[in-house]
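Fold and contact review
Listed below are the residues making up each chain.
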Amino acid sequence: MRIAGIEPESIVDGPGIRFTVFTQGCPLQCPGCHNPATWDPCGGQEVDVEEVIAAMNSSVLASGLTLSGGEASRQPRACARLARAAREMGWDVWSWSGYTVEALMRQARRDAELADMLGQIDVLVDGPFQLVHRTLTLPWRGSSNQRVIDMPATLRGGRAVEWADRAGNLR
């Protein structure tokens, strides 16, 4: 898989301490993106998925996996493998995508690897970053058009369901 980097103990990429993998390559290239170095699909470095899983297994603080980018959905086979490994470790899985969940689900009808990846994700933060809607007040999002999606409920119902935290608050 091609990655821009790994943050083994992130506190900003979802709840708790997270092992964050920044995938390399993003066709969306949103103006104002906080991570434009991840856009080039030939940038970053090639890594073996099993090496990333080994690093995840050696983490003593992380309790979840975050797939960020770049655009993680453009590397669905590798991301699904990481997500399965995380779930086997008892971790939850969050992912960010510049695509809406509706667009991803449409793509997944034609792409079994993407369907597999989506089925491994607990929470998806979806939608492109929009500079005109930039916010610092909403948790987990950079712009107010983005949503925090409960993926298992969304896949069961076939429509976007917003994620509620453990206290039942919609995020």
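Above this note sits the structure.
Counting of residues starts from 1 at the beginning of each chain's written sequence and follows it residue by residue. Residue-level local features of this predicted model are given only where pLDDT is at least 70; pairs of side-chain atoms are given and counted only at 80 or more, and the full residue set underlies all totals for whole chains, interfaces and linings. As a rule here, side-chain values cover all heavy atoms of the structure and leave hydrogens and water aside.

Here a strand is any run of E in DSSP of at least two residues, a helix any run of H or I of at least four, and the numbering for each starts at the N terminus. The helix and strand inventory of the protein stands at five helices and seven strands. For the protein, the succession of helices and strands along the chain, N to C, is β-β-β-α-β-α-β-α-α-β-β-α. Put simply, the radius of gyration uses C-alpha atoms, and a globule should come to 2.2 Å times the residue count raised to 0.38. Relative to the compact-globule value of 16 Å for 171 residues, the protein shows a C-alpha radius of gyration of 15 Å, a close match. Projected onto its principal axes, the C-alpha positions of the protein cover 35 × 35 × 35 Å. The buried share of the protein, taken over its 171 residues, is 47%. Every residue pair with non-hydrogen atoms within 4.5 Å of one another is taken to be in contact. Considering only contacts within the protein whose residues lie at least 6 apart along the sequence, 61% involve residues at least 24 apart. In these tables, accessible area is a Shrake-Rupley quantity obtained with a 1.4 Å probe, and a residue counts as shielded only by the protein chains included in the view. For the protein, the computed accessible surface area is about 8400 Å², with 52% contributed by carbon and sulfur atoms. A gap of 7 Å separates the mean positions of the 17 positive and 20 negative side-chain charges of the protein. When a residue's accessible area, from a 1.4 Å probe over protein chains only, is under 20% of the maximum for its type it is buried; when over 50% it is exposed; and in between it is partly exposed. None of His or the chain ends enter the tally, which takes Lys and Arg as positive and Asp and Glu as negative. Each charge is placed at NZ for Lys, CZ for Arg, CG for Asp and CD for Glu.

Another point: the packing of aromatic side chains. Two aromatic rings from Phe, Tyr or Trp, using only the six-membered ring of Trp, form a pair when their centres are within 6.5 Å; if the ring planes differ by under 30 degrees the pair is stacked, by over 60 it is edge-to-face, and anything between is tilted. In the structure shown here, the tally under the stated rule is four aromatic pairs. Taken together, a centroid distance of 6.4 Å and an interplanar angle of 35 degrees make the contact between Phe19 and Trp91 tilted. With Phe19 in strand β2 (residues 18–23) and Trp91 in the loop between α2 (76–88) and β5 (92–96), the pair connects residues that are 72 residues apart, well separated along the chain. Here Phe19 falls in the buried class, since its relative accessible area comes to 1%.

Below, the discussion takes up the sheet that holds strand β4 (residues 64–68). An order of β3-β1-β2-β4-β5-β6-β7 is seen for the seven strands of this open sheet, with the pairing classed as mixed. Two strands bound the open sheet, and with one partner strand each, they are β3 (45–46) and β7 (147–150). The angle between two axes is taken between their N-to-C directions and runs from 0 to 180 degrees, where each axis is a line fitted to C-alpha atoms and a helix contributes only its stretch in contact. Along the sheet face, helix α1 (residues 49–58) touches β1 (2–10), β2 and β4 and points at about 160 degrees away from the line of β2. The sheet strands contacting α2 are β2, β4 and β5, and the helix crosses β4 at an angle near 165 degrees. Between any two strands, at least two bridges found by DSSP are needed for them to pair.

Whenever Lys or Arg places a side-chain nitrogen within 4 Å of a carboxyl oxygen from Asp or Glu, that contact is recorded as a salt bridge. Counted according to the given criterion, the structure contains eight salt bridges. Glu46 is the partner of Arg2 in a salt bridge, and the nearest nitrogen-oxygen pair spans 3.3 Å. Pair noted here: Arg2 is in strand β1 and Glu46 is in strand β3, with a separation of 44 residues, a long-range link. In this structure, Glu50 engages Arg81 in a salt bridge whose closest nitrogen and oxygen atoms are separated by 3.4 Å. Of this pair, Glu50 sits in helix α1 while Arg81 is found in helix α2, placing the two residues 31 residues apart along the sequence. Look at Glu50 and you get partly exposed, because its relative accessible area is 43%.

A few words now on the side chain of Thr38. Residue position: Thr38 is located in the loop between β2 and β3. According to the relative accessible area criterion, Thr38 is buried, its value standing at 2%. Those residues in contact with Thr38, other than ones at most four positions away along the chain, are Ala4, Thr23, Gln24, Gly25, Cys26, Gly69 and Gly70.

Looking only at helix α4 (residues 112–120), the buried set comprises Leu114, Met117, Leu118 and Gln120. The buried residues of α4 occupy an angular sector of 160 degrees when projected down its axis, which confines them to one face. Where the residues of α4 are buried, they touch α2, β5, α3 (101–108) and α5 (151–157). The opening residue of α4 is Asp111, an N-cap whose side-chain oxygen sits 3.0 Å from the backbone nitrogen of Glu113. Along the arc lie the directions from the helix axis toward the C-beta atoms. Contacts described as polar in this section are N or O atom pairs within 3.5 Å, which, within protein, must combine one atom able to donate a hydrogen with one able to accept it, while residues neighboring in sequence count only if both atoms come from side chains.

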